Amino acid sequence: MSAVTADLAPPFSLPRHAGTLGVLAVAYLVVPFIGSSYLFEAILLPFLALSLAGVGLNILTGYAGQVSLGSAAFMAVGAFAAYNFNLRVEGLPLVASIVLAGLSAAAVGLVFGLPSLRLRGFYLAVSTLAAQFFVQWALTKFSWFSNNSASGVIDAPPLSLAGLSFEGPVGRYLFALTVVAGLTFLAYRLVSSQTGRNFIAVRDNETAARIIGVPVLRTKLLAFAISSFIIGVAGVLWAFAYLRTVEPAGFNLDRSFQILFIVIIGGLASIRGAFFGAALIVVFPLVLSRLGSFLLGDVFDSGVLDMTQRIVIGALIILFLILEPDGLVALWDRLKSRITAAFRRA
Amino acid sequence: MSASNFLLVGLGSEVAIPPDIAEHLALRSARAEPQTARADQALALELSGIDLSFGGVVALKDVDLAVRHGEIRAIIGPNGAGKSSLINVISGVYRPDRGHVAIDGTAYRPVPTQKLAKLGVARTFQNLALFKGLSVLDNVAAGRAYAGRANFLSQIIGLPGARREQTDARERARSIIDFLHLTPYLDRLAGTLPYGLQKRVELARALAAEPRILLLDEPMAGMTATEKNELADYVRLARDEYAITVVLIEHDVGVVMGLSDRIAVLDYGRKIADGTPQEIASDQRVIDAYLGVPPENEGGEGI
């Protein structure tokens, strides 16, 4: 019997999730020791925060099929809520502030998710723009949110978790990595649960979902709440671990689009996709600027870089939508199966 | 040759298996007695005085329909006769202007769509309504969605209640999938299956809900004659195996004649006939409205 199963299994088969565990092991045990401060500050920290935001938006857009252009607003709610909980509640541990920040973002997401009960697709996307503009306006208008700071820019508190303090680039990286890994694991559990399948049912055929007894309205609102929770925590990481400052201007419409592009380029309805997409979005400008200044020298200044970046990203999105609507994840899976096949033949 | 004989012969030649139909007719007469006994009990489904219009277009006009427990009830009619509208009224997708739908003796207007599965009613759709991004197993298991009580947190954590629900749903789905011979496609994405199989997966999803009443909206549309007979067999088997009442809309009169116990005929939103297949086949109004007037060359000579 065992011989039969061994025959059927591909020769290179690894236990499930071996790849994920391998990546995590490298991220925890190797990267902190060999990485440079530039790697953490400029690449890994924004990558982790944006990946988490991508995971959050993917739950809403990829799995539940509700388009949202308000992601940056929920990040801002998370960041400012965490700052205020931390500032105004004596002795509240940072983890509790982060959870409360997530819940605040979830509550705001729930409110701006209400139009989804009546609107779909493009119209819903436009209504989520309201979240984007309202939140940014409210955070700028009421200086209470930024503790009456004259500039509106505030410093993030030091990071600590269960008595351990996470200082310096490596510390902040480990902090962000732990939060991202934990929430991504929960998100993975969610999308492979009955609730996750209800999300897909609502996305693929709302009428059929209603007929078979999926609570459609509750499912949509739940998707908005959970997605906003995760995006809110991503906002905390963005402000506390990456930028170390909290300001509304960083969470503008451009950021919302950036997260949407991460999800589209990485792959809709795929948790891994968010990480692929975020990696591309973060690394790509750096590569472009290196390449540009190497090839063109001084002509390639920051203005040109900015323009080139927009043009290339725009072209990439069009290409992906036409040629590979399933995103980088699909490309990766195809490459992997081709390599495995080649190995097996050899 | 009488009109009724003409109809049966004509229909038989359409699907090319007259002996099969003859066999079903024999079966039906054998079943006739227990059905009359059951007619005394409350009806599984009763529509009374249903009116439905879209703007100025009248889709249904004063339609009554009684469905007994355990019977296969067909609704036929030409295109645009209001067949799908009727199913949509029964499943609560449309709200009738007048009249009500009684499910197991309780009258509704409109039928609460969200509670439909809990009331023991499952349906399929004329145009496929599968969840393309889910596997066949998950599609069928989704049919149990109405029974889910565990909230998302207990599902994420994997509490015993949530796990039990999941195992139950999967087990039930597997047995239905096995019953409909879909096991080889268990892990395929539903959207990647050929049309005929997708139709069968939809039937499986409806059966997974353990309904007492099953509504099938053109389950055989677009199928080949062989596939149609196959599906007819599955429907009959499912009725016998799970003791359900079936309401079926179909275009192919040949299959319907062999499959159903009683048939209602709609034309321009009105019910013009209702009875056993034999009665329907010999009803002059049905022949005129639905099948047209018999041509001159009855025997097929000169074609």
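Residues numbered from 1 in each chain as written. Chains lettered and ligands numbered in written order. Predicted model: local features only at pLDDT ≥ 70, side-chain atom pairs only at ≥ 80, totals over all residues. Heavy atoms only, no water.

A word on the overall build of chain A
Phase 1 of the analysis: A count of helices and strands for chain A gives 14 helices and four strands.
Phase 2 of the analysis: In summary, chain A has a C-alpha radius of gyration of 21 Å against a globular reference of 20 Å for 346 residues, a match within 12%.
Phase 3 of the analysis: Taken along the three principal axes of its C-alpha coordinates, chain A extends 70 × 60 × 45 Å.
Phase 4 of the analysis: Out of the 346 residues belonging to chain A, those deemed buried represent 47%.
Phase 5 of the analysis: Restricting the contact set of chain A to residue pairs at least 6 apart, pairs at least 24 apart contribute 77%.
Phase 6 of the analysis: Of the accessible surface of chain A, which amounts to about 16600 Å², a share of 70% is contributed by carbon and sulfur atoms. (Helix = DSSP H or I, 4+ residues; strand = E, 2+ residues; numbered from the N terminus. Rg over C-alpha atoms; globule rule 2.2 N^0.38 Å. Buried < 20%, exposed > 50% of the residue type's maximum accessible area, 1.4 Å probe, protein only. Contact = heavy atoms within 4.5 Å. Areas by Shrake-Rupley, 256 points an atom, 1.4 Å probe, with all protein chains shown as cover.)

Topic: unusual backbone geometry
Phase 1 of the analysis: B:Arg109 connects to B:Pro110 through a cis peptide bond whose omega is -10°.
Phase 2 of the analysis: Secondary-structure assignment places B:Pro110 in the loop between β5 (106–108) and β6 (121–123).
Phase 3 of the analysis: The phi angle at A:Arg244 is positive, at roughly 65°, despite the residue not being glycine.
Phase 4 of the analysis: For B:Ala243, which is not glycine, the phi torsion reads 50° and is therefore positive.
Phase 5 of the analysis: Its place among the elements puts B:Ala243 in the loop between α8 (225–242) and β8 (245–249).
Phase 6 of the analysis: For B:Ala243, a relative accessible area of 62% corresponds to the exposed category.

Here we look at the interface of chain A and chain B
Phase 1 of the analysis: In this complex, chain A contributes 26 residues to the contact, which on the side of chain B involves 28 residues.
Phase 2 of the analysis: Here chain A meets chain B over a buried area of about 2200 Å², counting both sides, of which 63% is carbon and sulfur.
Phase 3 of the analysis: For chain A, the biggest contributors to the area lost against chain B are A:Arg197, A:Ile211 and A:Ile212; these three give 32% of the whole.
Phase 4 of the analysis: One salt bridge connects B:Asp138 with A:Arg197, and the closest N-O pair in it is separated by 3.8 Å.
Phase 5 of the analysis: Taken together, chain A and chain B are joined by seven residue pairs in polar contact (both at pLDDT 80 or more).
Phase 6 of the analysis: Going through the elements one at a time, α7 (168–191), α8 (194–204), α9 (206–211) and α10 (216–243) of chain A are the ones with two or more residues in the side of chain A that touches chain B.
Phase 7 of the analysis: By residue number, the principal contributor to the side of chain A that touches chain B is α8(A), which donates eight residues.
Phase 8 of the analysis: Grouping the amino acids of the side of chain A that touches chain B by side-chain chemistry returns 13 nonpolar, eight polar and five charged. (Buried area = accessible area lost by both parts, 1.4 Å probe. Salt bridge = Lys/Arg side-chain N within 4 Å of Asp/Glu carboxyl O. Polar contact = N/O pair within 3.5 Å; in protein donor to acceptor, adjacent residues only side chain to side chain. Nonpolar A, V, L, I, M, F, W, Y, C, P; charged D, E, K, R; others polar.)

Details of the packing of α8(A) against α10(A)
Residue and element names in this part refer to chain A.
Phase 1 of the analysis: At a minimum axis separation of 10 Å, α8 and α10 run at an interaxial angle of 110°. Judged by the inter-axis angle, α8 sits roughly perpendicular to α10. Contact residues: α8 offers Thr195, Asn198, Phe199 and Val202, while α10 offers Val216, Thr219, Lys220, Leu222 and Ala223.
Phase 2 of the analysis: Residue composition of the contact of α8 with α10, grouped by class: five nonpolar, three polar and one charged. (Axes fitted to C-alpha atoms, helices over the stretch in contact; angles between N-to-C directions. Parallel < 35°, antiparallel > 145°, perpendicular 65-115°, else oblique.)

A look at the nonpolar core
For soluble globular proteins, the rule of thumb is that nonpolar side chains tend to be buried together.
Phase 1 of the analysis: One finds A:Tyr173, A:Phe240, B:Leu45 and B:Ile103 to be the most contacted residues of the largest nonpolar core, which totals 135 residues.
Phase 2 of the analysis: Sorting elements by how many residues they give to this core places helix α3 (residues 37–63) of chain A first, with 15 residues.
Phase 3 of the analysis: For B:Ile103, the contacting residues outside a window of four places in its chain are B:Ala44, B:Leu45, B:Tyr108, B:Val111, B:Leu119, B:Val121 and B:Ile213.
Phase 4 of the analysis: Counting residues in each nonpolar core, the second largest holds 53 residues, with B:Leu186, B:Leu203, B:Leu216 and B:Ala273 among its members. (Core = buried A, V, L, I, M, F, W, Y, C linked by side-chain atoms within 4.5 Å.)

Brief notes about the layout of surface pockets
All names here are of chain A.
Phase 1 of the analysis: Its boundaries defined by the atoms lining it, the second largest pocket holds a volume of some 660 Å³.
Phase 2 of the analysis: Considering the residues around the second largest pocket, the lining is formed by 21 residues, among which Arg255, Gln258, Ile281, Pro285 and Gln309 are closest to the centre.
Phase 3 of the analysis: Among the elements that line the lining of the second largest pocket, the one with the most residues is helix α13 (residues 302–323), at six residues.
Phase 4 of the analysis: Of the residues that constitute the lining of the second largest pocket, the class distribution is 14 nonpolar, three polar and four charged. (1 Å grid on protein atoms, 1.4 Å probe; cavity = no way out; pocket = protein on both sides within 12 Å on 5 of 7 lines; lining within 4 Å. Points joined across faces, edges and corners; volume = space filled by probe spheres on them.)

Overview of the pairing of β8(B)
Residues and elements named next belong to chain B.
Phase 1 of the analysis: Of all five residues in β8, five are buried; the element is thus mostly enclosed.
Phase 2 of the analysis: Bridging between strand β3 (residues 72–76) and β8 involves four bridges; their strand directions are parallel. Across the sheet, Ile72 pairs through a bridge with Val246, a residue of β8.
Phase 3 of the analysis: When strand β7 (residues 213–217) meets β8, the two strands line up parallel, connected through five bridges. Following the sheet pairing, Ile213 is matched in β8 by Thr245.
Phase 4 of the analysis: Between the parallel pair β7 and β8, the chain is carried across by α8, and the sense of this crossover is right-handed. (Pairing = 2+ DSSP bridges. Right-handed = clockwise from strand over helix to strand, strands pointing away.)

Considering the confidence of the model for chain B
Residue and element names in this part refer to chain B.
Phase 1 of the analysis: Taken residue by residue, chain B gives an average pLDDT of 82. The fraction at 70 or more is 82%.
Phase 2 of the analysis: Predicted confidence for residues 1–40 stays below pLDDT 50, and this span has 46 contacts to residues more than four positions away or in other chains.
Phase 3 of the analysis: Interface predicted TM-score (ipTM) for the complex: 0.80; the corresponding pTM is 0.84. (pLDDT = per-residue confidence, 0-100.)

Regarding the sheet that holds strand β4 (residues 98–103) of chain B
Residue and element names in this part refer to chain B.
Phase 1 of the analysis: As summarised here, the arrangement of the four strands in space is β2-β1-β4-β5, forming an open sheet in which the pairing is antiparallel. The open sheet has two free edges, formed respectively by β2 (57–67) and β5, since each of these has just one partner strand. Across the sheet, the mean angle from the axis of one strand to that of its neighbour is 25°, orientation sign disregarded.
Phase 2 of the analysis: Packed onto the sheet, helix α3 (residues 83–90) meets β1 (45–54), β2 and β4 and runs at close to 115° relative to β1.

Some points on the environment of B:Gly70
Phase 1 of the analysis: Topologically, B:Gly70 is positioned in the loop between β2 and β3.
Phase 2 of the analysis: In sequence terms B:Gly70 and B:Arg212 are 142 residues apart; their C-alpha atoms lie 8.7 Å from each other.

Some words on the sheet that holds β7(B)
All names here are of chain B.
Phase 1 of the analysis: One open sheet accounts for six strands, arranged β6-β7-β8-β3-β9-β10; its pairing is mixed. On the outer flanks of this sheet lie β6 and β10 (270–275), each paired with one strand and no other. Averaged over all pairs of adjacent strands, the angle between strand axes in this sheet comes to 15°, irrespective of strand direction.
Phase 2 of the analysis: Of the pairings in the sheet, the one linking strand β9 (residues 262–267) to β10 comprises five bridges and is antiparallel in character. Bridging across to β10, Val265 finds its partner in Ala273.
Phase 3 of the analysis: Its contacts with the sheet put α3 on β3, β6, β7, β8 and β9, and the angle it makes with β7 is roughly 150°.
Phase 4 of the analysis: Each of β6 and β7 is contacted by helix α7 (residues 195–208), which is oriented at about 160° to β7, the strand it contacts most.

Digging into the pairing of β4(B)
Where a strand is regular, its side chains alternate between the two sheet faces.
All names here are of chain B.
Phase 1 of the analysis: Inspection of the sheet shows β1 paired to β4 by five bridges, in the antiparallel sense. By the bridge assignment for β4, Asp51 is matched with Arg98.
Phase 2 of the analysis: In this antiparallel pair of consecutive strands, β4 and β5, the connection spans two residues, and Asp104 shows a positive phi of 50°.

Some points on the packing of aromatic side chains
Phase 1 of the analysis: All chains considered together, the criterion is met by 13 aromatic pairs over all chains.
Phase 2 of the analysis: Measuring from centroid to centroid gives 6.0 Å for A:Phe122 and A:Tyr123, while their planes differ by 75°, and the two rings are edge-to-face.
Phase 3 of the analysis: With centroids separated by 5.6 Å and ring planes inclined at 50°, the aromatic side chains of A:Phe276 and A:Trp332 adopt a geometry described as tilted. Note that A:Phe276 is positioned in helix α12 (residues 271–296) and A:Trp332 in helix α14 (residues 327–345), a separation of 56 residues in sequence.
Phase 4 of the analysis: The exposure class of A:Phe276 is partly exposed, given its relative accessible area of 25%.
Phase 5 of the analysis: One aromatic cluster in this structure is built from A:Phe112, A:Phe134, A:Trp137 and A:Phe142.
Phase 6 of the analysis: Its guanidinium or amino end placed over the ring of B:Phe131, B:Arg205 lies 4.7 Å from that ring's centre, counting from NZ or CZ. (Phe/Tyr/Trp six-rings, centres within 6.5 Å; stacked < 30°, edge-to-face > 60°. Lys NZ or Arg CZ within 6 Å of the ring centre and 35° of its normal.)

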